[in-house]
Amino acid sequence: MIGTLVVAVAVAAVVVAGLILWLRTRRVVTTPAERAVHSALHTASLAAVPLRGGLTAESAGAAAPHLRVLTGAEGLGVADAEGVLLAWDGAHADLAETFAEAVRRALAGGRAVLVKGDGEGDQAARVVVVQPLVIEGNGLAGALGVAVGGPPGPGRLGALADVARYVCGQLELAELDASRARLDRAEVRALRAQISPHFIYNALNTVASFVRTDPDRARELILEFADFTRYSFRTAGEFTVLADELRNIERYLALERARFGDALQVRLQIAPEVLGVVLPFLALQPLVENAVRHGLAGRPGGGTVSIVADDAGTDCVISVEDDGMGMDPDLLRSGALDAVAAGPARADESAHVGLANVDDRLRAAFGNDYGLVVETAPGAGTKVSLRVPKFRAGIRA
């Protein structure tokens, strides 16, 4: 019995040892070429991170060591579009004047330039090769150059050209990011301009009506109006959290309820766990304003606006619904979001509604799966829904 147990333990030990040996040896399955490709891709990714912020002294300094590894050069320099040296990495920093001259010629001619070092001995044998960085549609962004100890062969020249093209690609993406940010800011400014002037006029008239009859109420409404406008015209970023957006909508609804009284009923159903979800700034305001207008339009007894925010797994689903006159779905399918949203009788006032603006911003931020969804029919009210991911890398309030 004991002998059998000893044998079993010995066999188990051999199996475990064999398994450990197999696990150690199976890691080395890549060829030298595969490892070289992986290393080059990893180095390129390290260079891409700072370059996506644009070409500055800071980004050039962070990217230069990785770019030098990619080119295989002994020294590497990066200059801006004015020929100013932004960063140098590696050996041969004493070739700064030679590099500057090569950069000037490369930028002036829009082509690669090779310059031999001045002086005697080792310095005379050194060579500087500079490749201009040309961004399609934007012209010259700067120059990338290398310093080597002797005449560069075709392989090294080709590597420099390829790395320069890679840098240009990252700078193009940086410009695209900057352009998108500028567009986002412009769209937010346009949306602010589209806040209904009728609402502002009516809100002030409502406050004025309470000044004599109920001064305390008038004071409360003035504070609500001040906070509403302060939030709507803030300059801090293109995104906000749902809690802040809902708080501003509550101010808007307080002003509208003061105006309409019991004719406007509001129903809120908000899941607490989604209050921190990030969404485009002023994404809900146009939806609620539109619902108030159509929830009351054509209904002598008034109407109801419902705002619901639910937890849907990885997403948050928000809907704004009214029980007003509704709209024709065929017009919706034609893509005329803003014109439809104002209704047939008020299409001339549609400019302030901003539904298309919100739809575009949602899709730009989160993808085409996150646009507005409108459910409506004549006489059946309107429900506008949107989905927002609970988390999206790179997007924060």
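All of these numbers come straight from a predicted model, not from anything done at the bench.

Analysis parameters
Residues numbered from 1 in each chain as written. Predicted model: local features only at pLDDT ≥ 70, side-chain atom pairs only at ≥ 80, totals over all residues. Heavy atoms only, no water. Helix = DSSP H or I, 4+ residues; strand = E, 2+ residues; numbered from the N terminus. Expected span 1.5 Å × (residues − 1). Buried < 20%, exposed > 50% of the residue type's maximum accessible area, 1.4 Å probe, protein only. Arc of directions from axis to C-beta. Contact = heavy atoms within 4.5 Å. Salt bridge = Lys/Arg side-chain N within 4 Å of Asp/Glu carboxyl O. Pairing = 2+ DSSP bridges. Axes fitted to C-alpha atoms, helices over the stretch in contact; angles between N-to-C directions. Core = buried A, V, L, I, M, F, W, Y, C linked by side-chain atoms within 4.5 Å. Phe/Tyr/Trp six-rings, centres within 6.5 Å; stacked < 30°, edge-to-face > 60°. Lys NZ or Arg CZ within 6 Å of the ring centre and 35° of its normal.

Engineer: Help me understand helix 4 (residues 96-109) in this model?
Structural biologist: Think of an α-helix as 3.6 residues a turn; residues three or four steps apart then line up on the same face. Along its 14 residues, helix 4 runs 20 Å from first to last C-alpha, staying within 8% of the 20 Å computed at 1.5 Å per residue. Those residues of helix 4 that fall on the buried side of the exposure criterion are Thr98, Phe99, Ala102, Val103, Ala106 and Leu107. The arc that holds the buried residues of helix 4, viewed along the axis, is 160°, so those residues lie on one side. Of the exposed residues in helix 4, the ones pointing more than 90 degrees away from its buried face are Glu97 and Ala108. Turning to helix 4, the residues buried within the fold contact strand 1 (75-80), strand 2 (85-90), strand 3 (113-116), strand 4 (127-135) and strand 5 (139-148). Glycine 110 occupies a position one or two residues after helix 4 and carries a positive phi of about 65°.

Engineer: In this structure, what is going on with the pattern of salt bridges? I would like to understand it.
Structural biologist: A side chain with one charge can pair with a side chain of the opposite charge if their charged atoms come near. Counted under the stated rule, the structure contains eleven salt bridges. With its nearest N and O atoms 2.5 Å apart, the salt bridge here joins arginine 68 to aspartate 89. Residue arginine 68 is found in helix 3 (residues 57-71), and its partner aspartate 89 is found in strand 2; the two are separated by 21 residues along the sequence. For aspartate 89, a relative accessible area of 17% translates into the label buried. Here arginine 363 makes a salt bridge to aspartate 359, at a shortest N to O gap of 3.0 Å. With arginine 363 and aspartate 359 both in helix 13 (residues 355-366) and four residues apart, this pair spans about one turn of that helix. Assessed through its relative accessible area of 30%, arginine 363 is described here as partly exposed. With a relative accessible area of 10%, aspartate 359 lands in the buried category.

Engineer: What's the story with the sheet that holds strand 12 (residues 382-389) in this structure? I'm lost.
Structural biologist: The strands that make up a sheet pair up through hydrogen bonds in the backbone, lying either parallel or antiparallel. In spatial order, the strands read 7-9-10-12-11; together these five strands make up an open sheet with mixed pairing. Unpaired on one side and paired on the other, strand 7 (264-270) and strand 11 (373-376) mark the two borders of the sheet. Within this sheet the neighbouring strands show an average axis-to-axis angle of 15°, counted without direction. Judged from the seven bridges that link them, strand 7 and strand 9 (residues 303-312) form a sheet pairing that is parallel. Within the sheet, the bridge partner assigned to arginine 267 lies in strand 9 and is serine 306.

Engineer: In this structure, what is going on with helix 2 (residues 32-51)? I would like to understand it.
Structural biologist: Its 20 residues give helix 2 an end-to-end C-alpha distance of 29 Å, which sits within 8% of 28 Å, the value for a rise of 1.5 Å per residue. Listing the buried residues of helix 2 in full gives Thr43, Ala44, Ala47, Ala48, Pro50 and Leu51. Projection of helix 2 onto a plane perpendicular to its axis shows the buried side chains occupying an angular sector of 160°, all on one side. Set apart from the buried face of helix 2 by more than 90 degrees, the exposed residues are His38, Leu41 and Val49.

Engineer: How should I be thinking about the sheet that holds strand 4 in this particular structure?
Structural biologist: In space, the five strands of this open sheet follow the order 2-1-5-4-3, with antiparallel pairing throughout. Strands at the two margins of the open sheet, each flanked by one partner only, are strand 2 and strand 3. On average, each strand axis in the sheet is tilted by 15° relative to the strand beside it, whichever way the strands run. The strands touched by helix 4 within the sheet are strand 1, strand 2, strand 3, strand 4 and strand 5, with strand 4 carrying the most contacts at an inclination of about 40°.

Engineer: Please explain the nonpolar core as it appears in this structure.
Structural biologist: Note that soluble globular proteins tend to have their nonpolar side chains buried in a common cluster. By size, the foremost hydrophobic cluster in this structure holds 46 residues, and its most contacted members are Leu242, Leu284 and Leu287. Examining the composition of this core, we find that seven residues originate from one element, helix 9 (residues 242-260), more than from any other. If we ignore the near neighbours within four places in the chain, the residues touching leucine 242 are Val274, Leu275, Val277, Leu279, Leu284, Ala309, Cys316 and Ile318. The next biggest cluster of nonpolar side chains, apart from the first, holds 24 residues, and it includes Ala64, Leu76, Val146 and Val163.

Engineer: Help me out: how do you make sense of the packing of aromatic side chains in this one?
Structural biologist: Given two aromatic rings, their pairing is described by the distance between the two centres and the angle made by the two planes. As enumerated under the stated definition, the model contains four aromatic pairs in all. Both rings, one in tryptophan 88 and one in phenylalanine 99, keep their centres 5.4 Å apart while their planes meet at 85°; by these two values the pair is edge-to-face. With a gap of eleven residues between them, tryptophan 88 in strand 2 and phenylalanine 99 in helix 4 connect regions that are remote in the sequence. Under the relative-accessibility criterion, tryptophan 88 is labelled partly exposed at 21%. Between the aromatic rings of phenylalanine 228 and tyrosine 252, the centroid separation amounts to 6.2 Å while the plane-to-plane angle is 35°, which identifies the pairing as tilted. Of this pair, phenylalanine 228 sits in helix 8 (residues 215-232) while tyrosine 252 sits in helix 9, and the two are 24 residues apart along the sequence. Of the residues examined, phenylalanine 228 reaches a relative accessible area of 1% and is grouped as buried. Tyrosine 252 sits in the buried class, given a relative accessible area of 0%. The side chain of arginine 217 reaches across the aromatic face of phenylalanine 210, ending 5.9 Å from its centre.

This is a description of form; function is not addressed.
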